[in-house]
Amino acid sequence: MLTQTTSRVLEPSDLDAALAVLDREPVANAFVTARVQVAGLDPWRLGGEMWGWYEDGMLTSLCYAGANLVPVCATPRAVRAFADRARRAGRRCSSIVGPAGPTSELWRLLEPHWGAAREVRARQPLMVTDHMPEDIQPDPYVRRVRKDEMDTIMPACVAMFTEEVGVSPMAGDGGLLYQARVAELVGSGRSFARVDGSGNVVFKAEIGAATAQACQIQGVWVAPEYRGKGLAAPGMAAVLRYALADIAPIASLYVNDFNTAARATYRRVGFQEVGEFMSILF
């Protein structure tokens, strides 16, 4: 019997209730929703636990606890309960990421116990669009990456990740998990690139999370020697065309507030800022 307010690890039988919470904010919750729709709530398949917070016997907030710690629709009391659970379990995640308000409070409660983070990105605008830009033509050379092109796309993916996160995804397990994730995106038709005549990637991006309601573009990268040549906006428009035509009616992304060039490019392609994320990197 549940008390008036309580938190617990959700079980496969809680799937419908969890999806109802996730559906309240389909854009902000796209990452977690996509995982749950594919894997359910079994921790082995999900790659982590799903914690639930109940008020008056109803599930109202979630927290995904896997490689990332992600609060979902988390009320202040839910954040405190999730912080207690995370503190007792010890840090198992490589990052905390989510809407800025709950994520900031979660980190405030955890930092005294977990110690300093490697980096805190306090303001990451969440941007969305549901239509193509009128004044930017999609780059006709941006296309889906083929399954036999893993050797072509991997160096660009590693370069982007290292530049963005500050550590190489090949560290630790030799890149096995990261390669598997890239292969999954390529295999599902959600990896896009422009490749020059020498077989080098000059622009790339992926549609990382995808649900029927929204998808999230990630990993946007232009090769250093091609930066400043006007490839980013047409490249993004091409990826956006695929996203809106084939994946979901709304495309989203989040970007570091200090990356003014990227924010300007996304605005040119029609993305508007609708909220704010926060990331704590370990």
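Everything discussed here concerns the structure shown above.
Notes on the structure follow. (Residues numbered from 1 in each chain as written. Predicted model: local features only at pLDDT ≥ 70, side-chain atom pairs only at ≥ 80, totals over all residues. Heavy atoms only, no water.)

Let us look at the sheet that holds strand β7 (residues 143-144). Read from one edge to the other, the open sheet built from twelve strands follows the order β1-β2-β3-β4-β5-β12-β6-β11-β10-β9-β8-β7, with strand pairing classed as mixed. The open sheet has two free edges, formed respectively by β1 (5-9) and β7, since each of these has just one partner strand. Examined bridge by bridge, strand β9 (residues 201-210) and strand β10 (residues 215-222) share six bridges and lie antiparallel to one another. Across the sheet, the residue bridging to I207 is I217, located in β10. (Pairing = 2+ DSSP bridges. Helix = DSSP H or I, 4+ residues; strand = E, 2+ residues; numbered from the N terminus.)

The contact between helix α4 (residues 76-89) and helix α5 (residues 100-114) brings their axes to 9 Å, and the two run at 30°. When the interaxial angle is binned, α4 and α5 end up roughly parallel. The chirality of how α4 crosses α5 is right-handed. Together, V79, R80, F82, A83, A86 and R87 of α4 and P102, E105, L106, L109, L110, H113 and W114 of α5 make up the contact between the two elements. The residue inventory of the contact of α4 with α5, partitioned by class, reads nine nonpolar, one polar and three charged. (Axes fitted to C-alpha atoms, helices over the stretch in contact; angles between N-to-C directions. Parallel < 35°, antiparallel > 145°, perpendicular 65-115°, else oblique. Left-handed = near helix turned anticlockwise from the far one by under 90°. Contact = heavy atoms within 4.5 Å. Nonpolar A, V, L, I, M, F, W, Y, C, P; charged D, E, K, R; others polar.)

Buried residues dominate strand β3 (residues 58-65), accounting for seven of its eight residues. One ladder, built from seven bridges, connects strand β2 (residues 49-55) with β3; its direction is antiparallel. Bridge pairing in β3 places Y54 opposite L59. Two successive antiparallel strands, β2 and β3, enclose a turn made up of two residues, where D56 displays a positive phi of approximately 55°. The pairing of β3 with strand β4 (residues 68-72) spans four bridges and is antiparallel. Note that in β4 the partner of C63 across the bridge is P71. From the end of β3 to the start of β4, which pair antiparallel, there are two residues. (Buried < 20%, exposed > 50% of the residue type's maximum accessible area, 1.4 Å probe, protein only.)

Another aspect to go through is the packing of aromatic side chains. Centre distance and the angle of the planes are the two values used to describe a pair of aromatic rings. Under the definition given, this model contains eight aromatic pairs. Here W107 and F282 contribute two aromatic rings whose centre-to-centre distance is 5.5 Å and whose plane-to-plane angle is 65°, an arrangement assigned as edge-to-face. Pair noted here: W107 is in helix α5 and F282 is in the segment after β12 (272-281), with a separation of 175 residues, a long-range link. When sorted by exposure, W107 lands in the same class as F282, which is buried. Seen from their ring centres, F161 and Y178 are 5.2 Å apart, and the 65° between their planes marks the pair as edge-to-face. (Phe/Tyr/Trp six-rings, centres within 6.5 Å; stacked < 30°, edge-to-face > 60°.)

Here the focus is the environment of V274. Secondary-structure assignment places V274 in strand β12. With residues up to four places along the chain from it excluded, the contact list for V274 reads L126 and V128.

In a regular helix each residue adds 1.5 Å, so 16 residues correspond to 22 Å; helix α9 (residues 232-247) covers 21 Å between its end C-alpha atoms and thus fits that length. Among the residues of α9, A233, G235, M236, A237, A238, V239, L240 and A243 are the ones counted as buried. Along its buried surface, α9 packs onto β6 (119-129), β8 (191-195), β9, β10, β11 (251-254) and α10 (260-268). (Expected span 1.5 Å × (residues − 1).)

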